[in-house]
Amino acid sequence: MNLLITGGAGFIGSNLIHHIIDQPVIQRLVNLDCLTYAGHPENLAAVARHPKYVFEPVDLRDKEATVRVLRDHHITHVMHLAAESHVDRSITGPGDFITTNIVGTFNLLEACRSAWLNLQSAISNLQSFRFHHVSTDEVYGSLGPTGLFTETTPYAPNSPYSASKASSDMLVRAYHHTYGLPAVITNCSNNYGPYQFPEKLIPVVILSCLNRKPIPVYGDGMNVRDWLFVRDHAEALWQVLTRGRDGETYNIGGHNEWANLRIVELICDLVDEFKPTLGGNTRRLITFVKDRPGHDRRYAIDASKIQRELGWTPAHTFETGIRETVKWYLDSADWVRAVSTKA
Ligand SMILES: NC(=O)c1ccc[n+]([C@@H]2O[C@H](COP(=O)([O-])OP(=O)(O)OC[C@H]3O[C@@H](n4cnc5c(N)ncnc54)[C@H](O)[C@@H]3O)[C@@H](O)[C@H]2O)c1
């Protein structure tokens, strides 16, 4: 397996690389990433000199450069994570979401189509190539107080971010059906864990607690998300890449629904426990702010298909995962400083 990971310098991509690089089946692991504000070589310091690891500083919007990477490294498998990923940024500036998430995915699919055809003529093995598209549960829109997203829930994206991801999912589906490109898609719920850039809820809250700043909570704080520890997501992705059925979609979730406000309170209490010298009573920093426009109320995943077919379930409970995450941010002041300065 010569594996290409796009977006490997981001949050999930870097955790994924750490998680799988020592798998014996991988001969070479190429990370294609143009290092936007969200991509940080610091996330990959531990693997930078690994004999299998190659970094390609390429922008997916550059089609020729993308084709070149697949050709030069004889890529056989692709895990596509590169994207603009922050909903709030998609509301204030949707343009990059269209060019990277939609046009960038199209460029990559075209590069894959020609790599796959070359591979077929070289070794006449149709199944030797695989494209794994990493997507989000946000494509399904918003749930009421009950119900779960399944793989057959109709798409109803509500933000420019989720609309751009839904578009990219449709392109992958079309390349599979039209050209037969071997492909799988995963739609995952909200991730948390080490190396998440401090613009998303959990790191924003942890760092606000540490810096004794107001902790912003949108609206009434009762929006519900299904949280998954990032290394559990990485393991699910590996299982789908290597064992998932061709042309299938798998939902990945943590069976772990939390209202935003409850998570914020939990993190405040953990910071009080780990850092009593900060004075305690961190919950008093919670500050309700104007809600995000079009804020989806509830997401929740039915992950029974991946459990049934591939035997995957999350290994971490939210209690263990969030403790590890809070500790990691407390111990990683240099990382926080480096990525914040760059952004
Ligand atoms: N974070 C979540 O909770 C979550 C949940 C479900 C799905 N996803 C999906 O998983 C993927 C990874 O998410 P993340 O949170 O790690 O994102 P991230 O924002 O942390 O990282 C994105 C990475 O992509 C790179 N990138 C962006 N535009 C690029 C371009 N044009 N060319 C090359 N590289 C580019 C960035 O430099 C960065 O390293 C995304 O596709 C996202 O939609 C994320």
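Going by the structure above, here's the rest.
A brief look at the structure comes next. (Residues numbered from 1 in each chain as written. Predicted model: local features only at pLDDT ≥ 70, side-chain atom pairs only at ≥ 80, totals over all residues.)

1. Let's talk about the packing of helix α1 (residues 11-20) against helix α7 (residues 230-243)
Here comes step 1: Viewed as axis vectors pointing N to C, α1 and α7 meet at an angle of 65 degrees, and their least axial separation amounts to 9 Å. Here α7 runs roughly perpendicular to α1, going by the angle between their axes. The handedness of the crossing between α1 and α7 is right-handed. Note on element contacts: α7 touches α1 through V230, R231, H233, A234, E235, L237 and W238, opposite F11, I12, N15, L16, H19 and I20. (Axes fitted to C-alpha atoms, helices over the stretch in contact; angles between N-to-C directions. Helix = DSSP H or I, 4+ residues; strand = E, 2+ residues; numbered from the N terminus. Parallel < 35°, antiparallel > 145°, perpendicular 65-115°, else oblique. Left-handed = near helix turned anticlockwise from the far one by under 90°. Contact = placed C-beta atoms within 7 Å.)

2. Notes on the pairing of strand β5 (residues 130-136)
Here comes step 1: Burial of β5 is extensive: seven of the seven residues sit out of reach of the surface.
Here comes step 2: Of the two faces of β5, both are covered, the one formed by R130, H132, V134 and T136 as well as the one formed by F131, H133 and S135.
Here comes step 3: Pairing of strand β4 (residues 77-80) with β5 involves four bridges; the strand directions are parallel. Paired with H80 across the bridge in β5 is H133.
Here comes step 4: One ladder, built from six bridges, connects β5 with strand β6 (residues 183-188); its direction is parallel. (Buried ≥ 20, exposed ≤ 12 C-beta atoms within 10 Å, placed from the backbone. Pairing = 2+ DSSP bridges.)

3. Section: the sheet that holds strand β9 (residues 224-229)
Here comes step 1: An order of β7-β9-β11 is seen for the three strands of this open sheet, with the pairing classed as mixed. Edge positions in the open sheet fall to β7 (190-192) and β11 (257-259), since each of these has one partner strand only. Along the sheet, successive strands turn relative to each other by an average axial angle of 50 degrees, direction set aside.
Here comes step 2: In this structure, β7 lies alongside β9, joined through three bridges in parallel fashion. Counted as the bridge partner of N190 is W227 from β9.
Here comes step 3: Here α7 sits on the sheet and contacts β7 and β9; the angle it forms with β9, its principal contact strand, is near 70 degrees.

4. A word on the nonpolar core
Generally speaking, nonpolar side chains in soluble globular proteins are found buried as a group.
Here comes step 1: Core analysis: the largest hydrophobic core is formed by 81 residues, its most contacted members being L4, C112 and I267.
Here comes step 2: Ignoring any residue separated from it by four or fewer positions in sequence, one finds L4 in contact with V30, L32, V69, L70, H73, I75 and V78. (Core = buried A, V, L, I, M, F, W, Y, C linked by C-beta atoms within 7 Å.)

5. Notes on the environment of L143
Here comes step 1: For L143, the position within the fold is in the loop between β5 and α5 (160-179).
Here comes step 2: Between the C-alpha atoms of L143 and H77, which are 66 residues apart in sequence, the distance is 34 Å.
Here comes step 3: Residues in contact with L143, not counting those within four places in the same chain, are R298, Y299 and A300.

6. A closer look at the packing of helix α6 (residues 201-210) against helix α10 (residues 318-331)
Here comes step 1: At their nearest, the axes of α6 and α10 sit 10 Å apart, and the two run at 55 degrees to each other. If you check the angle between α6 and α10, you find them oblique. The hand of the α6/α10 crossing is right-handed. Of the residues in α10, those in contact with I202, P203, I206 and L207 of α6 are T325, V326 and Y329.
Here comes step 2: The residue makeup of the contact of α6 with α10, split by class, is six nonpolar, one polar and no charged. (Nonpolar A, V, L, I, M, F, W, Y, C, P; charged D, E, K, R; others polar.)

7. Comments concerning the site of the ligand
Here comes step 1: Around the ligand there are 29 residues in total, and G7, G10, A38, G39 and A83 lie nearest to it.
Here comes step 2: Looking at the shell around the ligand, the elements that each hand over two or more residues are α1, α4 (95-123), β5 and β7.
Here comes step 3: Top element by residues in the shell around the ligand is α1. It accounts for three residues.
Here comes step 4: For the shell around the ligand, a count of residues per class yields 13 nonpolar, 11 polar and five charged. (Near = placed C-beta within 6 Å.)

8. Some remarks on the sheet that holds β4
Here comes step 1: The seven strands are arranged β3-β2-β1-β4-β5-β6-β10 in an open sheet whose pairing can be described as parallel. Each edge of the open sheet is held by one strand with a lone partner, namely β3 (53-56) and β10 (249-252). Taking the axes of each pair of neighbouring strands and ignoring which way they run, one obtains an average angle of 20 degrees across the sheet.
Here comes step 2: Bridge count for β6 against β10 is four bridges, and the pairing is parallel. When the bridges of β10 are listed, N187 appears paired with N251.
Here comes step 3: On the sheet, α5 packs against β5 and β6 and is oriented at approximately 155 degrees with respect to β5.

Purely geometric numbers; function is a separate question.
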